[in-house]
Amino acid sequence: MHQQPLSNALRTRKIPGVSKDISQLILGTMMLSPVEYAHSTGLLDAFFEAGGNALDTAHGYGGGTSEMLIGLWMRQRGNRENVFLIDKGGHPNGRVPRPRLSPEELKSDLDESLIRLRTDYIDIYMLHRDDPSIPVSTVIDYLNHEIRAGRIRAISASNWEPARIIAANDYATENGLSGFVSCSNNISLAVPMEPMWGGCVCVDEKARAWHEESQFPLMPWSSQARGFFSGAFTPEKRDNRDMVRVYYNDDNFERLARATKLGEKRGYSAIQVSLAYAVHLPFPIFPIVGPANLEEMASSLGALSLELSATEMAWLNLVTEQEPL
């Protein structure tokens, strides 16, 4: 299947309200850890060699090991200014099983994240979950305090419904404050029947129309549907209960069949077709990818060279039955 050379594979794009340009793919680092230092730093080095600059981590990933690994790597490489660092806070934890979005809780997460990352600022700070009982004014006021302090440069929301994002940004505009510059909700060629985890938000048709109309940037997690297009899943293979619960239906297996067929004609794997589909959605999109090794990294980079027409996009997503091949 198509493999892209690691050097200069990735282009960068501008997000309104963000000073640095950001690579069109974001490297998810949830599984990276100092325990696997050589493997983890090898993936980071390869991503940056390919022209990537954006890393996605969170206060809760690995109990902090993802942030620690990134901090060690940035210190050793001396490259903090070249890294576009996306971090998240406010996730439920074992002691507090609800989104922790009070200013005190967010400050605690941010304090600890900055220490682990060995840096004094984060390029985009995301709220990892939403708690609709907390007014958007409380959240925006606190985050703008941190922007003024220089500890975060821009703000975003992960797993927030569009209506809450709009309300938060309306409040920010009305009060001369910085609002959310992007969001991180799930979208992929395979349409989930329900979120993989509680409290998560998937982009439905209404939200998709909002992104297209507003051109509000999306940084989707599970942009390749947790490997649904990898060849590891068939209707008969039902040992992964979460994948069965979320993705196993006739429509998604038809999408898999079409991605496989198109890929075979064009020299790409089905999972590369699925990532190309996400990249070609008609609004600013920066898919988060989580390759487990350099081979998967090369696969993700290779998908970027696949150009898909509007007709092919519609056919892959079952909008039309007219095969464009």
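Structure's up top.
So, a few notes on the structure that sits alongside this text.

Cut-offs used in this document
- Residues numbered from 1 in each chain as written.
- Predicted model: local features only at pLDDT ≥ 70, side-chain atom pairs only at ≥ 80, totals over all residues.
- Heavy atoms only, no water.
- Helix = DSSP H or I, 4+ residues; strand = E, 2+ residues; numbered from the N terminus.
- Rg over C-alpha atoms; globule rule 2.2 N^0.38 Å.
- Buried < 20%, exposed > 50% of the residue type's maximum accessible area, 1.4 Å probe, protein only.
- Contact = heavy atoms within 4.5 Å.
- Areas by Shrake-Rupley, 256 points an atom, 1.4 Å probe, with all protein chains shown as cover.
- Lys, Arg positive; Asp, Glu negative; His and termini not counted.
- Charge placed at Lys NZ, Arg CZ, Asp CG, Glu CD.
- Core = buried A, V, L, I, M, F, W, Y, C linked by side-chain atoms within 4.5 Å.
- 1 Å grid on protein atoms, 1.4 Å probe; cavity = no way out; pocket = protein on both sides within 12 Å on 5 of 7 lines; lining within 4 Å.
- Points joined across faces, edges and corners; volume = space filled by probe spheres on them.
- Nonpolar A, V, L, I, M, F, W, Y, C, P; charged D, E, K, R; others polar.
- Phe/Tyr/Trp six-rings, centres within 6.5 Å; stacked < 30°, edge-to-face > 60°.
- Lys NZ or Arg CZ within 6 Å of the ring centre and 35° of its normal.
- Pairing = 2+ DSSP bridges.
- Axes fitted to C-alpha atoms, helices over the stretch in contact; angles between N-to-C directions.
- Right-handed = clockwise from strand over helix to strand, strands pointing away.

### Things to note about the overall build of the chain
For step 1, the next point in the chain: A count of helical and extended segments in the chain gives 11 helices and 9 strands.
For step 2, the next point in the chain: Taking 20 Å as the expected radius of gyration for a compact globule of 325 residues, we find that the chain reaches 19 Å, a close match to that expectation.
For step 3, the next point in the chain: For the chain, the C-alpha atoms occupy an extent of roughly 55 × 40 × 40 Å along the three principal directions.
For step 4, the next point in the chain: Counting the 325 residues in the chain, one finds 56% classified as buried.
For step 5, the next point in the chain: Contacts in the chain between residues at least 24 apart in sequence constitute 77% of all its contacts with a sequence separation of at least 6.
For step 6, the next point in the chain: Summed over all atoms, the accessible surface of the chain reaches about 14000 Å², with 52% contributed by carbon and sulfur.
For step 7, the next point in the chain: Positive and negative side-chain charges of the chain, numbering 31 and 40 respectively, have mean locations separated by a distance of 3 Å.

### Remarks on helix 9 (residues 270-279)
For step 1, the next point in the chain: Summarising burial for helix 9: 9 of the 10 residues are buried, a large majority.
For step 2, the next point in the chain: Of all the residues in helix 9, the buried ones are A270, I271, Q272, V273, S274, L275, A276, Y277 and A278.
For step 3, the next point in the chain: Looking at the buried side of helix 9, the elements it contacts are helix 6 (205-214), helix 8 (250-266), strand 9 (288-289), helix 10 (294-303) and helix 11 (310-316).

### Focus on the nonpolar core
Soluble globular proteins tend to pack their nonpolar side chains together in the buried interior.
For step 1, the next point in the chain: One finds L55, L143, W160, F180, F228, F229 and L316 to be the most contacted residues of the largest nonpolar core, which totals 83 residues.
For step 2, the next point in the chain: V18, I26, F84 and I86 belong to the second-largest nonpolar core, a separate cluster that totals 14 residues.

### Section: unusual backbone geometry
For step 1, the next point in the chain: Backbone geometry at Q215 places phi at a positive 60°, although glycine is not the residue there.
For step 2, the next point in the chain: In this fold, Q215 is placed in the loop between helix 6 and helix 7 (241-247).
For step 3, the next point in the chain: Its identity is not glycine, yet S222 carries a phi of approximately 50°, on the positive side.
For step 4, the next point in the chain: Relative to the helices and strands, S222 is located in the loop between helix 6 and helix 7.

### A word on the layout of surface pockets
For step 1, the next point in the chain: A volume near 1200 Å³ is recorded for the largest pocket.
For step 2, the next point in the chain: Considering the residues around the largest pocket, the lining is formed by 43 residues, among which M30, S222, R226, V289 and G290 are closest to the centre.
For step 3, the next point in the chain: When residues of the lining of the largest pocket are traced back to their parent elements, those giving at least two are strand 3 (26-28), helix 1 (37-49), helix 9, strand 9 and helix 10.
For step 4, the next point in the chain: Looking at which element gives the most residues to the lining of the largest pocket, the answer is helix 10, with 4 residues.
For step 5, the next point in the chain: A per-class count over the lining of the largest pocket returns 16 nonpolar, 21 polar and 6 charged.

### What about the packing of aromatic side chains?
For step 1, the next point in the chain: Applying the stated criterion across every chain, the model contains 10 aromatic pairs.
For step 2, the next point in the chain: Three or more aromatic residues joined by ring pairs form one cluster here, namely F228, F229, Y247, Y248 and F253.
For step 3, the next point in the chain: Taking NZ or CZ as reference, R80 lies 4.0 Å from the ring centre of Y121, over its face.
For step 4, the next point in the chain: Over the face of the ring belonging to W160 we find R164, whose NZ or CZ atom lies 4.8 Å from the ring centre.

### Focus: the side chain of R116
For step 1, the next point in the chain: If you trace the backbone, R116 turns up in helix 3 (residues 103-117).
For step 2, the next point in the chain: Excluding its chain neighbours within four sequence positions, the residues that come into contact with R116 are H59, G63, G64, E67, M68 and G71.

### Things to note about the sheet that holds strand 3
For step 1, the next point in the chain: With parallel pairing, the 7 strands of this open sheet are ordered in space as 8-7-6-5-4-3-9. In the strand order of this sheet, the two ends are held by strand 8 (180-184) and strand 9, each with one partner.
For step 2, the next point in the chain: Where strand 3 lies against strand 9, 2 bridges are found, and the strand directions are parallel. Pairing of L27 across the sheet is with V289, part of strand 9.
For step 3, the next point in the chain: Each of strand 5 (84-89), strand 6 (122-127) and strand 7 (152-158) is contacted by helix 3, which is oriented at about 140° to strand 6, the strand it contacts most.

### Considerations on the pairing of strand 7
For step 1, the next point in the chain: With respect to burial, strand 7 is a largely interior element, 6 of its 7 residues being buried.
For step 2, the next point in the chain: Pairing between strand 6 and strand 7: 5 bridges, direction parallel. Opposite L127, over in strand 7, you have A157 as the bridge partner.
For step 3, the next point in the chain: On the question of chirality, the crossover connecting strand 6 to the parallel strand 7 by way of helix 4 (residues 136-149) is right-handed.
For step 4, the next point in the chain: Bridge count between strand 7 and strand 8: 3 bridges; the pairing is parallel. Residue pairing in the sheet places S158 in a bridge with S184 of strand 8.

It is worth stressing that arrangement in space is one thing and function is another; only the former is reported here.
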